[in-house]
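Coordinate analysis (summary)
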Amino acid sequence: MTQTALATMVGRSSGTVSKWEKGDQVPEADALERLSERLAMPSSWFLTRPPVYGDRVCFYRSTASVTKEAQTIAHIRLKWLNEISVILQGWIDWPSVNIPRLGKNDHLKISDSDIEQAAQACRIEWKLGLGPISDVTLVLENAGAICVREELGFTRMDGASQWFDTDGRPYVFLAADKANGVRSRFDAAHELGHLVLHRDIDGLEFSKRYPELERQAHLFAGAFLMPAESFAAELVRPSLDTFITLKSRWKVSVGAMIMRCKQLNIIDDDYATRLWKNYSARGWRKSEPLDDRIDFEPVRLLPRAINLLLSDGGLTKEGLLASIGLGASDCERLCGLPEGFFSQQSTVSSLESVRFKKDNANASGTAITGGGRVLSFPPKNKQRA
């Protein structure tokens, strides 16, 4: 939204809005009330000092034609997700961050072999074995990443991720505008690649080397979802029909399997070209067979935390929403809650993964005793197919 558009909405000049944004002038009470009403945000949100997010780069998984607006919106949604998470951490213990670090700060020194080894190291650390991964989003949350999946309004934006200095934790945005859950799984693995490989890169380097960094994250995603040894062993004869047979098992697209076969030198350039031509001739670039049979993976951590606070933490929906400080609609979308959750008697799935912080108190100041019930995600060794 431009300053002029916002100024029209609240009955002020664009120059006045500019002064508000720069901090040179504070909105009058009536103007603040209009801002709150028109933007569906609590008035207290405008008066709260923003967190110090840090200057870590925000990685974007997108096509070259995506607009700057889409990137900005995704980045802001990640910041708001971080705000919610930091507030909830006053009551809730998230899973510890356990994302292996590659150990090389200069991405130009990262070889394809290093990337293959990094993907394998993640599987070993998380005891995933060498088979298909049943739920990539669950793996990310188990490793301490805070995830959100919501519609962004831009079909060419696939996802974004960032490490935040507020809590030293990674955050992952997955766009729900995508046509199917298969591609979303790959997007999640791609963002994991950035978190592992490019943790220390700065924004300038990311802009300059974007194509290479995207290629590296893409290679990581393929290696993480389709380990060289086990995936190659199932390819007796690489063909489109073979890939379709394997799709429901590995939960990756035929296109991703073609790319992976090329990376592993299972097929040469000429054969890959023939496969891509047949792929296009079958009309699969827009939609592949079985796309509609593989659902989007749910985000679990935030909905379960909200459920815990409401069921065992002594909080009301109104009190929790006031503590978070965002509008109800934004909070519902970012926390993976049903639409209208804060205004209706909605429920979310029972808690299985988060716990209260020790010696804590709820938002009303009442001590939460007994430490709360502690229930875990399924054991990591059961995440194998």
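The structure we're discussing is the one just above.
All figures in this text were calculated on a predicted structure; none of them were measured in a lab. (Residues numbered from 1 in each chain as written. Predicted model: local features only at pLDDT ≥ 70, side-chain atom pairs only at ≥ 80, totals over all residues. Heavy atoms only, no water.)

**Overview of the overall build of the chain**
Threshold: The secondary structure listing takes helices from DSSP runs of H or I that are at least 4 residues long and strands from runs of E that are at least 2 residues long, numbered from the N terminus. Note on exposure labels: buried denotes an accessible area under 20% of the residue type's maximum, exposed denotes more than 50%, and partly exposed covers the range between, all computed with a 1.4 Å probe on protein chains only. A contact between two residues is defined here by any heavy atoms of the two lying within 4.5 Å. Per-residue and other accessible areas follow the Shrake-Rupley method at a 1.4 Å probe size, with only the shown protein chains counted as cover for residues.
When helices and strands are counted, the chain shows 17 helices and eight strands. By residue count, 49% of the 385 residues in the chain fall in the buried class. By sequence separation, contacts in the chain at least 24 residues apart represent 73% of the contacts at least 6 residues apart. When the accessible area of the chain is evaluated, it comes to approximately 18300 Å², of which 49% is carbon and sulfur surface.

**Thoughts on the nonpolar core**
To keep it simple, the criterion reads: Throughout, nonpolar core names a set of buried Ala, Val, Leu, Ile, Met, Phe, Trp, Tyr and Cys residues whose side chains join them through atoms within 4.5 Å.
Counting residues in each nonpolar core, the largest one holds 52 residues, and the members touching the most others are Trp126, Phe220, Phe224, Phe243 and Val254. Of all the secondary-structure elements, those providing two or more residues to this core are helix H6 (112–125), helix H7 (136–142), strand E5 (169–175), helix H8 (181–197), helix H10 (210–225), helix H12 (240–250), helix H13 (254–263) and helix H14 (269–281). Examining the composition of this core, we find that seven residues originate from one element, H8, more than from any other. Discounting chain neighbours no more than four positions away, the residues touching Phe220 are Ile115, Ala118, Ala119, Cys122, Ala189, Leu192, Gly193, Val196 and Leu197.

**Section: helix H1 (residues 3–10)**
Under the convention used in this document: It is the directions from the helix axis to the C-beta atoms that the arc portrays.
Within H1 the residues assigned to the buried category are Leu6, Ala7 and Val10. For H1, the buried positions fall inside an angular range of 105° around the axis, keeping them on one side. Facing away from the buried side of H1 by over 90 degrees, the exposed positions are Thr4 and Thr8. Considering only its buried residues, H1 is in contact with helix H2 (14–22) and helix H3 (29–39). After H1 finishes, the residue Gly11 shows a positive phi value of roughly 75°.

**Section: the state of the cysteines**
Formally: We call a pair of cysteine sulfur atoms a disulfide whenever their separation is within 2.5 Å.
All told, the structure shown has zero disulfides when counted by the stated rule. Looking at Cys331, it has no disulfide partner, and the nearest cysteine sulfur is the one in Cys335, 4.0 Å off. In this structure Cys331 comes out as buried when scored by relative accessible area, which is 0%.

**Here we look at unusual backbone geometry**
A positive phi angle, close to 60°, is found at Asn265, a residue other than glycine. Within the element layout of this structure, Asn265 appears in the loop between H13 and H14. One non-glycine residue with positive phi stands out, namely Leu290, at about 75°. Its place among the elements puts Leu290 in the loop between H14 and helix H15 (301–311).

**Notes on the packing of aromatic side chains**
Note the cut-off: Working definition: a ring pair exists when centres of Phe, Tyr or Trp rings (six-membered ring for Trp) sit within 6.5 Å. Plane angles under 30 degrees give stacked, over 60 give edge-to-face, the rest tilted. Consider the ring centre and the ring normal. A charge sits over the ring if Lys NZ or Arg CZ is within 6 Å of that centre and within 35 degrees of that normal.
The full count for this structure, using the stated rule, is 12 aromatic pairs. Ring geometry for Phe341 and Phe342: centres 5.2 Å apart, planes at 90°, overall edge-to-face. By relative accessible area, which is 1% here, Phe341 ends up buried. Ring pairing ties together the aromatic residues Trp45, Phe46 and Trp80, which thus form one cluster. A cation sits over an aromatic face here: Arg123 above Phe224, 5.8 Å from the ring centre.

**With respect to the pairing of strand E4 (residues 157–164)**
Applied cut-off: Paired strands, in this sense, are two strands between which DSSP finds at least two bridges.
Within E4, eight of the eight residues are buried, which leaves the element mostly enclosed by the surrounding structure. In this structure, E4 lies alongside E5, joined through six bridges in antiparallel fashion. Bridge assignment links Gly159 to a residue of E5, and that residue is Leu174. Where E4 folds back onto E5 in an antiparallel hairpin, the turn is made up of four residues, including Gly168, whose phi is positive at roughly 65°.

**Examining the pattern of salt bridges**
Short version of the rule: Here, a salt bridge means any side-chain nitrogen of Lys or Arg that lies within 4 Å of a carboxyl oxygen of Asp or Glu.
For the structure on display, the rule yields 18 salt bridges. Residue Glu150 is joined to Arg333 by a salt bridge in which the shortest nitrogen-to-oxygen separation is 2.9 Å. Of this pair, Glu150 sits in strand E3 (residues 146–150) while Arg333 sits in helix H17 (residues 328–334), and the two are 183 residues apart along the sequence. Its salt-bridge partner being Glu297, residue Arg185 comes within 2.6 Å of it at the nearest N-O pair.

**Structural notes on the environment of Arg38**
As a reminder, the rule being used: Pairs of N or O atoms within 3.5 Å make up the polar contacts considered here, provided that, within protein, one atom can donate a hydrogen while the other can accept it, and that residues adjacent in sequence are counted only when both atoms are side-chain atoms.
Mapped onto the elements, Arg38 comes out in helix H3. Measuring from C-alpha to C-alpha, the distance between Arg38 and Leu6 comes to 9.0 Å, with 32 residues separating the pair along the chain. Looking at Arg38, its side chain comes within polar contact range of the main-chain oxygen of Met9, at 2.6 Å.

**Quick look at the pairing of E5**
Of all seven residues in E5, seven are buried; the element is thus mostly enclosed. Here E3 pairs with E5 via five bridges, running parallel. The residue bridging Cys147 from the neighbouring strand is Val172, located in E5.

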